[in-house]
Amino acid sequence: MKGCPLVWAGLAAFALIYAVATVRVLIRSAAAGPVANAKVTVRFAHFYLEPGLREAYAQIAADYMRLHPGVMVEQIAVPQRIFNAWAKTQLIGGTAPDLVLVDGGQFTLEDLARHFTPLHEWVEAPNPYNSGTDVAGLPWRETFIDGLTGSYDSRLLSYYSIPTSLFTNRVFFNRALWREIFGTEIPPSGYEDFLMACERIETWGAVRNRPLVALAGSIYNAPFLIDFLFGTQTQRRQFEVAWSAHLRADLSPSVALLQGRWDFSDPAIQAAFRIVRDVGRHIQPGFLQLQRDDANFAFLQGRAVMLASGAHEAASLRAQAEFPLGVFALPVPGTDHPRYGAQMFGPVTEANIRPAGAFGLTRASREPVQAVDFLRYLTSQATAAQFAALSGWLTAVADAPIPATLDPFRPVTAGYANGFDLSIRRRHPDAKRVADTNLHLLIAAGSDDAAVAAYTAALVRDYSPALRLDLENRAANTRRNVMRQDGNLAAYRWMSQAAPDDTVRQRRFNEVAEQIDGNEAENYFITVSYTHLRAHETKANLV
């Protein structure tokens, strides 16, 4: 038969594939050792594919399994581009791993409430793996640098994740190219020196007919520069418009804009536009259309001398770069700077950075106690130090030692809180879209005055309507949160009256009451401001 050779070839290929798969399963089982037939399996999923990170998790999981015979810990690494869809499919289908990374904003409030388990009872108890340390008797939450405030959802009144790392932003530079251009490997120490370095890099490349940009950028990492620099010029304005003593993540700047307490002609905002233009015009053209990998590729290929990114990229960049890597913190103007100093309080602190690498416990978990126990082991002081050494990432655990290579990434704790940017710290997606869509006007060729004027005009036209939509959505969310909590408030009230000596129920009642008060205050704050704006617009139209 003419088809016989093809049939035999297919059977041979199938047999080969089967044999290879069998061997790989046997090798994996042998590597698993005594836990190959584990009675308990804990699975955790994340999207961190940087070199060293998966190996660090694997080593820590292996150490944990040696401490707990009969327990298997499996790591599931999923590419970030499909992680959101993959995770939600698993959660909806009831097949999700025990622990899932909740960073990146891929999970909504409803996702947390429906698919993840509150952790408040666990985080109030000490971490047994800290035995013998100076934090042995403290609640687990107090062993993190932020006290787990970044993991607490005030709308759901509980902690929903446990962080493992901390991302500070720095500027990486190609030391070999830097020496070739400047004759030294010393990075700039001041803001004006940084700008002059950018200009010299571009001039040096142009003279040699060598395409070279000062800063590699993308939609992922360019905001590290742009939003940060913008915020240096709104430090004082943030303080002036803040309400309820909130200086960081409240809605005061956006509401104050609608109230007419500042506008785009404000000297602080105009200075913010100019400082963004100063640096933005040195980032590779079209950066908002590029992805993170595009910027990294340009830097690693030597087509860009610098790259702004997080501390979590350091190990990956070192592993891939064929040149020595340097790191420095982005210089900012001082209070004595002639153009930008008047709007600043002083240097920017990083003490308020929110920890990352946070895992949530899924409701689908078959082994929630064991999964939380693994998280406790992972975030003990000793293991956190091991994690930092193996992965090259900072740890979210307080007072855990880190290797000297991570010293440049330590958070700067002195200084002042940074001001707001045009996304109001990413709380207003429609307003941010307007700001980003028109950003090309600000960094276009031509005079500084013309570019700033064009950008200002575009924001005057389009920003406020987008901001109003964001605030309307925010107000609607606060009203839904109040309705969700009304039943809880009544239940805790009844239970606390029935058992007046139950301090836990009384505390929960107080928490719910405070949360409802906060939501109602925020709704009132937004609604009154919005009504004020509408009345102002109506009066203007009548005139």
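These figures come from a predicted structure and were not determined experimentally.

(A) Representation of the overall build of the protein within the structure. A tally of helices and strands in the protein yields 19 helices and 12 strands. Looking at the protein as a whole, 48% of its 543 residues qualify as buried. Considering only intrachain contacts with a sequence separation of at least 6, the fraction spanning at least 24 residues in the protein is 75%. Just so you have it, the protein exposes about 26,100 Å², and 57% of that area is on carbon and sulfur atoms.

(B) Summary view of the side chain of Asp103. Here Asp103 is to be found in the loop between strand E3 (99-101) and helix H4 (109-115). The side chain of Asp103 is buried and forms no salt bridge, while Arg354, the nearest opposite charge, is found at 6.6 Å. Here the side chain of Asp103 touches Gly357 through a polar contact of 2.3 Å, landing on its backbone nitrogen. Here Ala358 takes part through its backbone nitrogen, which lies 3.3 Å from a polar atom of the side chain of Asp103. Ignoring any residue separated from it by four or fewer positions in sequence, one finds Asp103 in contact with Phe47, Tyr48, Ala356, Gly357 and Ala358.

(C) Looking closely at the sheet that holds strand E8 (residues 213-216). Pairing within the open sheet is mixed, and its four strands lie in the order E8-E9-E7-E10. Of all the strands in the sheet, just E8 and strand E10 (325-328) have a single pairing partner and so form its edges. Across the sheet, the axes of successive neighbouring strands diverge by a mean angle of 25°, strand direction being ignored. Sheet analysis places E8 next to strand E9 (residues 304-310), joined by three bridges and oriented parallel. Residue pairing in the sheet places Leu215 in a bridge with Met306 of E9. Across the sheet, helix H6 (residues 175-182) lies against strand E7 (169-174), E9 and E10, angled at about 65° from E7, the strand it touches most. This element, helix H8 (residues 222-232), spans E7, E8 and E9 of the sheet and lies at about 75° to E9.

(D) Seen up close, the packing of aromatic side chains. Counted under the stated rule, the structure contains 33 aromatic pairs. Taking the centre distance of 5.2 Å and the plane angle of 65° together, the rings of Phe107 and Phe116 count as edge-to-face. Judged on exposure class, the residue Phe107 and its partner Phe116 are both buried. Taking 6.0 Å as the distance between ring centres and 90° as the angle between the ring planes, the aromatic pair formed by Tyr191 and Tyr340 counts as edge-to-face. On the criterion of sequence distance, the pair formed by Tyr191 in helix H7 (residues 191-207) and Tyr340 in the loop between E10 and strand E11 (359-361) is long-range, its members being 149 residues apart.

(E) The arrangement of the sheet that holds strand E1 (residues 40-46) in detail. The sheet built from four strands is open, its strands ordered E2-E1-E3-E11 with mixed pairing. Because the sheet does not close on itself, it has two edges, and the strands there are strand E2 (71-77) and E11. Averaged over all pairs of adjacent strands, the angle between strand axes in this sheet comes to 20°, irrespective of strand direction. As judged from the two bridges shared by E1 and E3, these two strands associate in the parallel manner. When the sheet's bridge partners are listed, Ala45 is paired in E3 with Val100.

(F) Local environment of unusual backbone geometry. Of note, Leu148 is a non-glycine position whose phi angle comes to about 65°, a positive value. Considering the arrangement of structural elements, one finds Leu148 in the loop between helix H5 (120-123) and strand E4 (152-153). Of the residues examined, Leu148 reaches a relative accessible area of 0% and is grouped as buried. At Asn209, a position not held by glycine, the phi torsion is positive, near 55°. Secondary-structure assignment places Asn209 in the loop between H7 and E8. Among the residues examined, Asn209 registers a relative accessible area of 70% and is labelled exposed.

(G) Highlighting the nonpolar core. With 59 residues, the main nonpolar core has Phe194, Ile201, Phe264, Phe273, Met306, Leu422 and Tyr463 as its most contacted residues. If we skip the residues at most four places from it in the chain, Phe194 touches Pro188, Leu215, Val279, Met306, Phe328, Leu330 and Pro331.

(H) Main features of helix H15 (residues 381-391). Within H15, the full set of buried residues consists of Gln381, Thr383, Ala384, Ala385, Phe387, Ala388 and Ser391. Gly392 sits one or two positions beyond H15 and adopts a positive phi of about 75°.

(I) Region of the structure containing the pattern of salt bridges. Applying the stated rule across the entire model yields 21 salt bridges. A salt bridge links Arg274 to Asp449; its shortest N-O distance comes to 2.6 Å. Taken together, the residues Arg274 in helix H11 (residues 267-280) and Asp449 in helix H18 (residues 448-498) connect sequence positions 175 residues apart. The exposure class assigned to Arg274 is partly exposed, which follows from its relative accessible area of 30%. Where salt bridges share partners, they join Glu50, Arg292 and Glu313 into one cluster.

(J) Structural context of H7. An ideal rise of 1.5 Å per residue puts 24 Å on 17 residues; H7 measures up with 25 Å between its terminal C-alpha atoms. For H7, the complete set of buried residues consists of Tyr191, Phe194, Leu195, Ala197, Cys198, Ile201, Trp204 and Gly205. Residues of H7 that are buried make contact with H6, E8, H8, H11, E9 and E10.

Calculation rules
- Residues numbered from 1 in each chain as written.
- Predicted model: local features only at pLDDT ≥ 70, side-chain atom pairs only at ≥ 80, totals over all residues.
- Heavy atoms only, no water.
- Helix = DSSP H or I, 4+ residues; strand = E, 2+ residues; numbered from the N terminus.
- Buried < 20%, exposed > 50% of the residue type's maximum accessible area, 1.4 Å probe, protein only.
- Contact = heavy atoms within 4.5 Å.
- Areas by Shrake-Rupley, 256 points an atom, 1.4 Å probe, with all protein chains shown as cover.
- Lys, Arg positive; Asp, Glu negative; His and termini not counted.
- Salt bridge = Lys/Arg side-chain N within 4 Å of Asp/Glu carboxyl O.
- Polar contact = N/O pair within 3.5 Å; in protein donor to acceptor, adjacent residues only side chain to side chain.
- Pairing = 2+ DSSP bridges.
- Axes fitted to C-alpha atoms, helices over the stretch in contact; angles between N-to-C directions.
- Phe/Tyr/Trp six-rings, centres within 6.5 Å; stacked < 30°, edge-to-face > 60°.
- Core = buried A, V, L, I, M, F, W, Y, C linked by side-chain atoms within 4.5 Å.
- Expected span 1.5 Å × (residues − 1).

Everything listed here is a matter of coordinates, which is why it stays silent on function.
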